[in-house]
Amino acid sequence: MTATPLPDTIADLLGVEGFLGEAVAMLLAAALVGTIMLTMTAFAGPWAKRKITASFTDRISVNRIGPWGLGTIIVDAVRLLSKELVIPEGVDRPAYDIAPIVLAGSALFAFAVIPMGSGIQLADPEVGLVFVFAMASIASLGLLMGGYASNNKYSLLGGLRAVAQNIAYEIPLVLTAASVVLFTGTLQLSEIVAIQQNTTLVTLAGVRIPAWFAFVNPFAFALFLVANLAEVGRNPFDTPEAPTEIVAGYQTEYSSAYFVLFYLGEFVHIFLGGAIIATLFLGGPGGPFLPGFVWFTIKIWAVYLFTQWCRSAIPRVRIDQLIGIGWKGMLVLSFANLVLTAAILGVTGI
Amino acid sequence: MSTQKEEETEGADAPVAATEAGADGDALEALVSEHVLEREDHLNAPGFVIRADAVQDVLSTFKEEAGFDHLSCVTAEEHEDRFESIYHLRKYDDPTQEVSVIVPTSREEPVSETAEPVFRTADWHEREAHDLVGVEYDDHPNLERILLPDTWQGHPLGLDYNQDKPQIVTFEENKNPLEDHERAAGDSDTMFLNIGPHHPATHGVLHVETVLDGEQVADVNPDIGYLHRCEEQMAQNGTYRHQIMPYPDRWDYGPGGIINEWAYARAAEDLADIEVPEYAQVLRTMGSELCRIACHMLALGTFCLDIYGDFTAIFMYAMRDREVVQKLLEDLTGQRMMFNYLRLGGVVWDVPEPREEFFENVRDFLDELPERLDEYHDLITGNEIFQARTIDTGVLDAETAKNYGVTGPVARGSGVDYDVRRDDPYGYYEELDWDVVTEDGGDNYSRLLVRMREVEQSARIIEQCIDLLEDWPEDERNIQANVPRTLKPEAGKETYKTVEGAKGELGIYIRADGTEKPGRFKIRSPCFSNLSALKEMSTGEYIPDLVATLGSLDVILGEVDR
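Residues numbered from 1 in each chain as written. Chains lettered and ligands numbered in written order. Predicted model: local features only at pLDDT ≥ 70, side-chain atom pairs only at ≥ 80, totals over all residues.

### Notes on the overall build of chain A
And then number 1: A tally of regular secondary structure across chain A gives 13 helices and two strands.
And then number 2: Relative to its length of 350 residues, chain A is compact, with a C-alpha radius of gyration of 21 Å against a globular reference of 20 Å.
And then number 3: C-alpha extents for chain A along the principal axes are approximately 60 × 55 × 45 Å.
And then number 4: Counting over 350 residues, chain A shows a buried share of 47%.
And then number 5: Of all intrachain contacts in chain A linking residues separated by at least 6 positions in sequence, the fraction that spans at least 24 positions is 74%. (Helix = DSSP H or I, 4+ residues; strand = E, 2+ residues; numbered from the N terminus. Rg over C-alpha atoms; globule rule 2.2 N^0.38 Å. Buried ≥ 20, exposed ≤ 12 C-beta atoms within 10 Å, placed from the backbone. Contact = placed C-beta atoms within 7 Å.)

What follows is the structure, encoded as structure tokens:
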């Protein structure tokens, strides 16, 4: 199942060689992956989010521009980018400017090693999983920079909350992922996908059910889903933004293009969360009939839908409760999960 | 009537000076005789004129020895020869027991003793009296302007206030109105945070000055007045008969319009001695309860907005159901918010034709309501996260609530069994079968439960009203009493009457001066008193709880600021 990384495929197609050729192929491949993610974000942000929320709350939502209101995407992009970039007095300049780029960049960066199916994967390092978590965590730095540099008390509170939350939930997240690694014995993402896809869990009436880790260890899957909600900051864990409490948290003072970057970064982050869940627990791009990339897209949109559902239906926990749940609940459960998995694997010798 | 409160005042503890028909003036006078200068009874209560330095003595005697534990309102007014502060006292156990304490002061030196040590609620009420009328209160802890900006010149309800004189404040003087509110740099353990006047969770233009210790609230001080529209003065410039009635709709636009109108109607009808036909009373009762449901739906939706954090499902569901009520109110009154439906002596028109259709629409709504409420209980009150967020937060105990003059669902959520509809019956409530809802928790969760259960009770009342209206003989459908075109209650007549608004006790004080316009028109807003208790409820809690508590108080700034 391990496919050649995308840059090599492109290099072969174009017939370029050598250092320069590889560089061109790399850039092209990166541009392709970036475009895919940005297109999905463009759909998700101005359009799908509204439509989904509207369905949950008995409303109609955008339907005037283009079929199903799809023209809104263009209108919104123009609207957001044509706004004045207001930079308040007393902001900490380099940090204030870098923060949105760090946030949006870190999430996109992590996509480099995600196998999206149909041969779309920029690189496949042996430490793929660790790379993904490392990149995703850099986002916290962006949030803190934005919150601290904005010279606004609400932003400061939001930034502090974001860091407290990410630390509290990063550990359960990584520990739960580690329990998957115990099964696979590798950190290479393509291998993790391949093992899930090629192992058979059961065969029911002639239909082979692959051993996706969501089926093998549903407990770990549930833990990861919850921790991921905190990681991407969606209800019940959207305290860093918490519109009714601290206005907009770390992004209070950002407008225009900077705001777009924050907005975009958030959505890419949700998709990244979906991509990690799909890769670790849902067999990555695997699935019957349809091409791998289509399956992969369906899976990350399913996770996206889940976050939107939570956003519409679940109250937000308080910041102290959130930290309590993280350190006293999630951490203990994820350790229990890890130890149990290790014990069971050791005994059964799989 | 099943709503009769249990007699709690029986036996040896029975407070002195209580009779069946209200407070016994002579017995009360005996209690404080050394301070009483003269008797000046109001239509609703005996009134005592006392010396300006005996306010605390008299009020605490009434509170301790006669059981008048509710300072409902403080009215200040300026006469040709004196200033006057009137303290309207009543009992939480029985609001028909009332007494007015009148404190005159000279025009040259309008200084009177503060009542704040006896009733905490006097703090805000006296600040308002100082702000609008210009009475000074000795020993008041914080006698600043409350509704008008700090830079305002003059007292607009005073007699020699020149309305045409522009308020000139130089830019330098008012460059940063919040400058004084910042604290010294040395006090760096805490952070000062302005929540509002533009903030997603203040439900209007409210400014909450907050001092934070980390995420915890060390001190909180609501700063109001951004929506002050001179409602009292506008009412004083209108004629009783027609020109005042549209204004009450603008106080609690939750929309509690019909209830607000009723507050004015009740006071004015008492003043002019108007009997309202029974049929009109039923219509008023039904309209009020429809308004109450709409208000509570809004309260529910916005409270959940504060807890959930976005315009989420529950907010939209609450709006959807409120919309049905608004449609009914529109059918009845012709308007969605600014009803102007009541007239002195009745209502403006009968149920719309065809009557059957209107009744059927109301019945449809009432039939669906239990299902809707079950859905809310599933979504909100049954949710563990929601319970974790609201139970034991924003706690207000019954004693503190009474001290702050808190009424309505907020008081009933703290176990104060007080409802003007039952305790001081008006309209048709006495004839109907319904219950007063109380909860003992005193927290945000209890207040929400009280509102949700009150919706059920309101539905019961409406159902009975509909039955009554349907069977009412056609030739007895009298919607208005005969009221003269011009009303001129005789000079010196004064009354203070209250109704149970969606937020609590909504009171109107009117002093007639012999013309066709009120000499003094004072609005006692329930939200105003309820909001003053925010500090007690939120200090020491987290910011999210402060926001939730504010939401659970259900303040409408239009009513707070008037």
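### Considerations on the interface of chain A and chain B
And then number 1: The partner chain B presents 26 residues to the 24 residues of chain A that form the contact.
And then number 2: Partitioned by chemical class, the residues of the side of chain A that touches chain B number ten nonpolar, five polar and nine charged. (Nonpolar A, V, L, I, M, F, W, Y, C, P; charged D, E, K, R; others polar.)

### Regarding the domain arrangement of chain B
Residues and elements named next belong to chain B.
And then number 1: Partitioning chain B into domains gives domain 1 (16-138) and domain 2 (231-561).
And then number 2: Put simply, the middle of domain 1 and the middle of domain 2, counted by C-alpha atoms, are 27 Å apart.
And then number 3: The interface of domain 1 with domain 2 comprises 20 residues on the first partner and 27 residues on the second.
And then number 4: Here the element with the most residues in the side of domain 1 that touches domain 2 is strand β5 (residues 70-78); it accounts for six residues.
And then number 5: Of the residues in the side of domain 1 that touches domain 2, the class split is seven nonpolar, eight polar and five charged. (Domains from an automatic or database assignment.)

### Notes on the sheet that holds strand β6 (residues 82-90) of chain B
Sheet strands associate in pairs through backbone hydrogen bonding, adopting either a parallel or an antiparallel arrangement.
All names here are of chain B.
And then number 1: The strand order β3-β4-β7-β6-β5 describes an open sheet built from five strands, whose pairing is mixed. Across the chains shown, the open sheet's two edge strands, defined by having one partner strand only, are β3 (36-39) and β5. Neighbour-to-neighbour, the strand axes of the sheet open up by a mean angle of 25°, direction not taken into account.
And then number 2: Alignment of β6 against strand β7 (residues 98-106), held across nine bridges, turns out to be antiparallel. Across the sheet, residue arginine 90 finds its bridge partner in β7, namely glutamate 98.
And then number 3: Packing against the sheet, helix α2 (residues 55-66) makes contact with β4 (47-50), β6 and β7, and its axis sits at approximately 180° to β7.
And then number 4: The strands that helix α3 (residues 122-132) touches are β5 and β6; relative to β5, the one it contacts most, it runs at about 10°. (Pairing = 2+ DSSP bridges. Axes fitted to C-alpha atoms, helices over the stretch in contact; angles between N-to-C directions.)

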